Amino acid sequence: MSGMRRVRFHTGWAVPLALLASLPWWAGDQYQLHLAALIAAYWILVAGLNLVVGFTGQLSIGHVGLLAIGAYAFAIIAGRHELSPWIALASAGGIGGVCGLLLGLPSLRLPGFYFAMATMAFALIVSELILALGDLTGGGVGLSVPGFPEPFDTPQGYYLLLLGIAVVITWCAWNIARHPWGRALVAIRDNPVAAESVGVPVFRMKLVVFVASGVTAGVAGALFASLQSYITPDTFVFELGLFFFVCIIIGGRGSIAGPLVGTAILTALPELVAPLAKLGTLFYGLLLLAVVLLVPEGIGRLFEIVLERLRPRREASPVLEPHAGRLASAIRRQRDEA
Amino acid sequence: MKASLAADAVTKRFGGLTALDDVSLELRPGEVHGLIGPNGSGKTTLLNMLCGYYPVDGGAVKFGDEDLSRESVQRRADAGIARTFQKPRLLPTQTVLENAMLGGWRDGRAGFFASAFALPSARAEQRALRERARELLDGLGLGYALERRANLLDHAESRFLEIGRALVLRPRFILLDEPAGGLTGAEIERLGIVISTLRDAGIGVLLVEHHTEFVFGISDRVTTLNLGKMICHGAPAEVRHDPEVIRVYLGA
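Presented here is a report on the structure given in the accompanying data block. All of these numbers come straight from a predicted model, not from anything done at the bench.

As a further point, take the overall build of chain A. For chain A, the count of helices and strands is 18 helices and two strands. Dimensions of chain A, computed from the C-alpha atoms along their principal axes, are close to 75 × 45 × 40 Å. Looking at chain A residue by residue over its 338 residues, the buried ones come to 52%. Taken as a whole, chain A presents about 15100 Å² of accessible surface, with 69% of it coming from carbon and sulfur. Measuring between centres, the 21 positive side-chain charges of chain A sit 14 Å from its 18 negative side-chain charges.

Okay, the pairing of strand E9 (residues 221-226) of chain B next. Residues and elements named next belong to chain B. Counting buried positions along E9 gives six out of six residues, so the element sits mostly inside the fold. A two-sided burial pattern is seen for E9, the buried positions comprising Arg221, Thr223 and Leu225 on one face and Val222, Thr224 and Asn226 on the other. The sheet contact formed by strand E3 (residues 32-36) and E9 spans four bridges and is parallel. Looking at the pairing, Ile36 lines up with Thr224 of E9. Summarising the sheet, E9 and strand E10 (residues 229-234) pair through five bridges and their orientation is antiparallel. Note that in E10 the partner of Thr223 across the bridge is His233. As consecutive antiparallel partners, E9 and E10 are separated by two residues, and within that stretch Leu227 has a phi angle of approximately 50 degrees, a positive value.

Residue and element names in this part refer to chain B. Here we have four strands laid out as an open sheet, ordered E2-E1-E4-E5, and antiparallel in their pairing. Edge positions in the sheet fall to strand E2 (17-27) and strand E5 (66-67), since each of these pairs with one other strand and no more. Judged from the two bridges that link them, strand E4 (residues 58-63) and E5 form a sheet pairing that is antiparallel. Looking at the pairing, Phe63 lines up with Glu66 of E5.

Another point: the packing of helix H13 (residues 238-251) of chain A against helix H14 (residues 257-272) of chain A. All names here are of chain A. The N-to-C vectors of H13 and H14 enclose an angle of 125 degrees; their axes lie 7 Å apart at closest approach. Relative to H14, the element H13 lies oblique. Of the two possible hands of crossing, H13 and H14 adopt the one that is right-handed. Together, Phe243, Val246, Cys247, Ile248, Ile250 and Gly251 of H13 and Gly258, Pro259, Gly262, Thr263, Leu266 and Thr267 of H14 make up the contact between the two elements. When its residues are assigned to classes, the contact of H13 with H14 shows seven nonpolar, five polar and no charged.

The subject of this paragraph is the interface of chain B and chain A. Taken together, the contacts link 58 residues of chain B with 53 residues of chain A. Approximately 4900 Å² of surface area, both sides summed, lies buried where chain B meets chain A, with 62% of it carried by carbon and sulfur atoms. On the chain B side of the interface with chain A, the three residues burying the most area are Gln74(B), Trp105(B) and Phe112(B), jointly 14% of the side's total. A salt bridge links Glu337(A) to Arg170(B); the shortest N-O distance between them is 3.8 Å. There are 17 residue pairs in polar contact (both at pLDDT 80 or more) connecting chain B and chain A. Those elements that provide at least two residues to the side of chain B that touches chain A are helix H2 (73-78), strand E6 (81-83), helix H4 (112-116), helix H5 (120-140), helix H6 (155-168) and helix H7 (185-200) of chain B. With eleven residues, H5(B) is the largest single contributor of residues to the side of chain B that touches chain A. Taken together, the residues that form the side of chain B that touches chain A break down as 31 nonpolar, eleven polar and 16 charged.

Reading the values: rules and limits
Residues numbered from 1 in each chain as written. Chains lettered and ligands numbered in written order. Predicted model: local features only at pLDDT ≥ 70, side-chain atom pairs only at ≥ 80, totals over all residues. Heavy atoms only, no water. Helix = DSSP H or I, 4+ residues; strand = E, 2+ residues; numbered from the N terminus. Buried < 20%, exposed > 50% of the residue type's maximum accessible area, 1.4 Å probe, protein only. Areas by Shrake-Rupley, 256 points an atom, 1.4 Å probe, with all protein chains shown as cover. Lys, Arg positive; Asp, Glu negative; His and termini not counted. Charge placed at Lys NZ, Arg CZ, Asp CG, Glu CD. Pairing = 2+ DSSP bridges. Axes fitted to C-alpha atoms, helices over the stretch in contact; angles between N-to-C directions. Parallel < 35°, antiparallel > 145°, perpendicular 65-115°, else oblique. Left-handed = near helix turned anticlockwise from the far one by under 90°. Contact = heavy atoms within 4.5 Å. Nonpolar A, V, L, I, M, F, W, Y, C, P; charged D, E, K, R; others polar. Buried area = accessible area lost by both parts, 1.4 Å probe. Salt bridge = Lys/Arg side-chain N within 4 Å of Asp/Glu carboxyl O. Polar contact = N/O pair within 3.5 Å; in protein donor to acceptor, adjacent residues only side chain to side chain.

Nothing here speaks to function; it is all geometry.
Here it is as structure tokens:
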């Protein structure tokens, strides 16, 4: 993305961050705080998934399976075995990463549509396994999930913990997006043949970023479970996986701010605006339809277009005129460096 | 003596069709090697074999004494073989500078973690790469368009940007697949300036091209293919007057 987005991030992050960090002191009620915590938990997953879907162009619709695995791993390790929630949180991330590896290894070589189907099958298998392994998971009855120790045992404290983790993960995703390693992900999405031609190991990079998204999904699952304090297989319906996917499509491919806004809007709007809640899934469907038809590149691109309009117009483009001397010295210089 | 990149008696079959039959070609550093022939004669197939898109069915691709025949496309890019495409393959949503920077992949040491935590090494690497890409693009004449999205470029700009991306790879050999296709006369002249500059800088250039006047004018040696077989190769003046080349390709 052009320099614009970088600049916007630099100058634009301080104020929203201060507002978010002070939310416990100005939120209207506990429910709004809970909603903000839920958005943060979802975003931790979506931020990782966004690297897979929005940047690398691998259409995973089954990350709800990885979320469930993280949630149950946390509930079993911290709840049943009464280990420290911090150990359980790290384990949930690790298990999420391992499951991402196991899912990604066979499926990431498949072309787009079949890859999406493989991730869907994965999510369905996970939810069946949770029901089948009743001794471990509590089956249809579910499991209660412990909270975190002081000072994160209040709604305010827990929200700030979620916010902190979400900020770190956002920062990491943003770093990846602007460094050459992450730009190569976009090359894999837009033109894998060109990416290969300059030496990008396409499959290996898809796998690394998919495993990373497994880790964030596992961590998000643990935090989400603890926020809900009780989980059953019904907590992780397949539609939730589609929901994450839609957050990214509405937010815009190759953007970080866009999917963040998408996640916040899609989570909060139906809860805050009562008439929308009645529409339920229909609301998501209509919003998706509107975005795909009107701004197929998503909300993120909309920001960019507005910023481009605000900038002064460039003068007519000069003629393409190579300069042999400068070209020769540039080639010589880069050879001497190597 | 610098290593050359060579196709050594290469054969390629697609099903029952023999696309290349026992073709040899040696690309030397600091030389422009023209590759001409009618449509379907196997020019692009040969280029694709040199950079690893198809495995050989017979013969070998060699870089100096090293046999590259079984190496991947990526491994050959690592060895310093860069290419452009008949139809430019750019990243439409990325800027000109970002497109060119992709060519620097093989210099990159910063992986997932160094990038995610913006370690100083990753930041320094990115700065150096940006500077290097900027200089090359400036030399190519694209300095005015660095921040433009690639989907807004015109055809000649796209072709030059592809050459820029290939140059950022620090290539020892660059394989150009019909770089003059769709360019105006004036633009082809500028392309000629670029190609001579690459040659003078010691890069070996393979020039697959239909524009025969351009090829004969700039090449040090020319190879002609017809129906997957090599029919003539030598200095431009010899090839131009070869009766077989005139019969199958140039016309009287």
